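Here is what each chain is made of, one letter per residue.
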Amino acid sequence: MTENQRTEAEIVHDIPEEVAAGIGRVMIGTSKLEHKLTAMIGLILQLDKTEMHLTLREPRIEERLDIIKELFMLKAIEPEFNFEEFKKTLQSVGSRRHRLAHGLWLQHPKTGELFLRLARGSWPKNLLPHGGVGKLRRDTLPQSIPYGADELKEDLSLIEEALERLDELGAALDYSLSAFPERFRTPLSPVNPLGGHKPRERPAPPKPSEE
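Residues numbered from 1 in each chain as written. Predicted model: local features only at pLDDT ≥ 70, side-chain atom pairs only at ≥ 80, totals over all residues. Heavy atoms only, no water.

A.B. asks: Could you give an account of the environment of K32, naming the residues involved and the relevant values?
C.D. replies: Note that K32 resides in helix 1 (residues 17–44). It is 9.6 Å that separates the C-alpha atoms of K32 and I159, two residues lying 127 residues apart in sequence. (Helix = DSSP H or I, 4+ residues; strand = E, 2+ residues; numbered from the N terminus.)

A.B. asks: Please set out the pairing of strand 4 (residues 143–146) residue by residue, giving values where relevant.
C.D. replies: Only one face of strand 4 is covered, namely the one carrying Q143 and I145; the face carrying S144 and P146 has none of its residues buried. In this structure, strand 3 (residues 114–118) lies alongside strand 4, joined through four bridges in antiparallel fashion. From the neighbouring strand, R117 faces strand 4, where its bridge partner is S144. (Buried < 20%, exposed > 50% of the residue type's maximum accessible area, 1.4 Å probe, protein only. Pairing = 2+ DSSP bridges.)

A.B. asks: Outline the nonpolar core, supporting the account with residue identities and numerical values.
C.D. replies: The biggest cluster of nonpolar side chains holds 38 residues, and the ones touching the most others in it are L33, I68, L100, W105 and L169. Of all the secondary-structure elements, those providing two or more residues to this core are helix 1, helix 3 (61–74), helix 4 (83–102), strand 3 and helix 5 (149–179). The element best represented in this core is helix 1, accounting for nine residues. For W105, the residues in contact, after removing those within four places along its chain, are E10, I11, V12, I15, V19, I23, L100, L114, F115, L116 and Y147. (Core = buried A, V, L, I, M, F, W, Y, C linked by side-chain atoms within 4.5 Å. Contact = heavy atoms within 4.5 Å.)

A.B. asks: Lay out the side chain of E62 with the relevant residues and their values.
C.D. replies: Tracing the sequence through the fold places E62 in helix 3. Leave out the neighbours within four places in its chain, and E62 touches K87, L90 and Q91.

A.B. asks: Give me the pattern of salt bridges: which residues, what numbers.
C.D. replies: Under the criterion given, the structure shown has eleven salt bridges. A salt bridge links K87 to D66; its shortest N-O distance comes to 3.2 Å. Here K87, found in helix 4, pairs with D66, found in helix 3; they are 21 residues apart in sequence, far enough to count as distant. Overall, D66 belongs to the partly exposed group, its relative accessible area being 25%. Close ionic contact of E84 with K69 constitutes a salt bridge, the shortest N to O distance being 3.1 Å. Separated by 15 residues along the polypeptide, E84 in helix 4 and K69 in helix 3 bring together distant segments of the chain. When salt bridges with common partners are traced through the structure, they connect R60, E62 and E63 into a single cluster. (Salt bridge = Lys/Arg side-chain N within 4 Å of Asp/Glu carboxyl O.)

A.B. asks: Would you mind going over the pairing of strand 3 in detail, with residue names and values included?
C.D. replies: Most of strand 3 sits out of view: four of its five residues are buried. Where strand 2 (residues 104–107) meets strand 3, four bridges bridge the pair, whose relative direction is antiparallel. Its bridge partner lying in strand 3, W105 is registered against L116.

A.B. asks: So what's going on with the side chain of R64? Which residues, and what values?
C.D. replies: With respect to the secondary-structure elements, R64 resides in helix 3. With a relative accessible area of 3%, R64 lands in the buried category. Residues contacting R64, with those up to four places away along its chain left out, are E34, L37, T38, I41, E58 and P59.

Given below as structure tokens:
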């Protein structure tokens, strides 16, 4: 990028409905993926929903997969699943969601083209300003990339792929639960179907003995 290629773009929030809808679908799809990963951890540990929400917090999306992998290892189960490849997919999903949630939207003053300003990570080496070398962080000099409906379709396609792969891992877990039941603890029955809790009544104090 050279100086004469730089253009002062306007920060906008009124973006086309097609783009806004695509952003919403990416957020919803990523949330579903995160939930299914957390639910799988809960299933391996045989936690009910209340226990799961109480004990499992919100690690990064790829870290949830690490937990699942290690839980399988602790139970001496090796599903036929490429965890490393899937982890890269989840990292990409998380990165794309983050830039949509936290990036600034810009519009070219002449063409009206939309750009997304990135302020996390580093510039690709082949796009370093002034033909520079080394590493340039985006929080030092933000990078703006063209972003519209086509790019959002790519994001959604990646999420759909991740959900399908997670279903494959879920099928492997279902098989493990039936094939090796002795390696999983027996889940406690819920207090009631709604997950509520009724405090137990304290026993009445003993009556004083009569002498």
